[in-house]
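# Structural overview
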Amino acid sequence: MKQVFILLLLVTCSLASFAQTTSNAVVVHKDPRIDQLVKKQMEINEYTTRDNRRTAKGFRIQVVSTRDRNEAISAKTKMLQNFPAHNSYIQYNAPFFKLKLGNFKTRAEAEQVMRQVVKFYPSGSFIVAETIEVKLDKLEEDAF
């Protein structure tokens, strides 16, 4: 019984080694639907990451920092009247209401507007680094 088992084992091992040495090429048969799945996954990734690309690191001008909510709202109204091209944001970090103006990609852009803001709020206005809203290019918007 042991001899038959050993003989069978030797034959199997020799056939296995023979099969491995004779074929050097690997043939892969790819289903054509895999390309469709990859394309669909790329579209899904593009759609889900679109919102992340609408924000970036940039600068804003902090105009007012106050504990009085009404003062912050009146300052925002004044900023909207005098700087309609720039968005203004009120953020509440207890106990302060902070009014920030603009979405500037570079500090130089913020400094340019800051010169005009100082005319209305000469003290307490300064530039802060912050995550800003970025408008997508027209070509990127049309793609969606």
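Read on for a plain summary of the structure. (Residues numbered from 1 in each chain as written. Predicted model: local features only at pLDDT ≥ 70, side-chain atom pairs only at ≥ 80, totals over all residues. Heavy atoms only, no water.)

This next bit is on the nonpolar core. With 16 residues, the main nonpolar core has Ile61, Val63, Met79, Leu101, Val113 and Val117 as its most contacted residues. Within the residue set of this core, elements represented by two or more residues are strand E1 (55-66), helix H3 (69-82), strand E3 (96-104) and helix H4 (107-120). Look past the residues within four positions of Met79 in its chain and what remains in contact with it is Val63, Pro84, Leu99, Leu101, Phe120 and Tyr121. (Core = buried A, V, L, I, M, F, W, Y, C linked by side-chain atoms within 4.5 Å. Buried < 20%, exposed > 50% of the residue type's maximum accessible area, 1.4 Å probe, protein only. Helix = DSSP H or I, 4+ residues; strand = E, 2+ residues; numbered from the N terminus. Contact = heavy atoms within 4.5 Å.)

On to the sheet that holds E1, then. With antiparallel pairing, the 4 strands of this open sheet are ordered in space as E2-E3-E1-E4. Every interior strand has two partners, whereas the edge strands, strand E2 (88-93) and strand E4 (126-133), have only one. Each adjacent strand pair in this sheet contributes to an overall mean axis angle of 40 degrees, direction not counted. Bridge count between E1 and E4: 8 bridges; the pairing is antiparallel. Looking at E4, one finds that Gly58 is bridged to Glu130. H3 rests against E1, E2 and E3 of the sheet, and its axis sits at about 20 degrees to E3. Its contacts with the sheet put H4 on E1, E3 and E4, and the angle it makes with E1 is roughly 20 degrees. (Pairing = 2+ DSSP bridges. Axes fitted to C-alpha atoms, helices over the stretch in contact; angles between N-to-C directions.)

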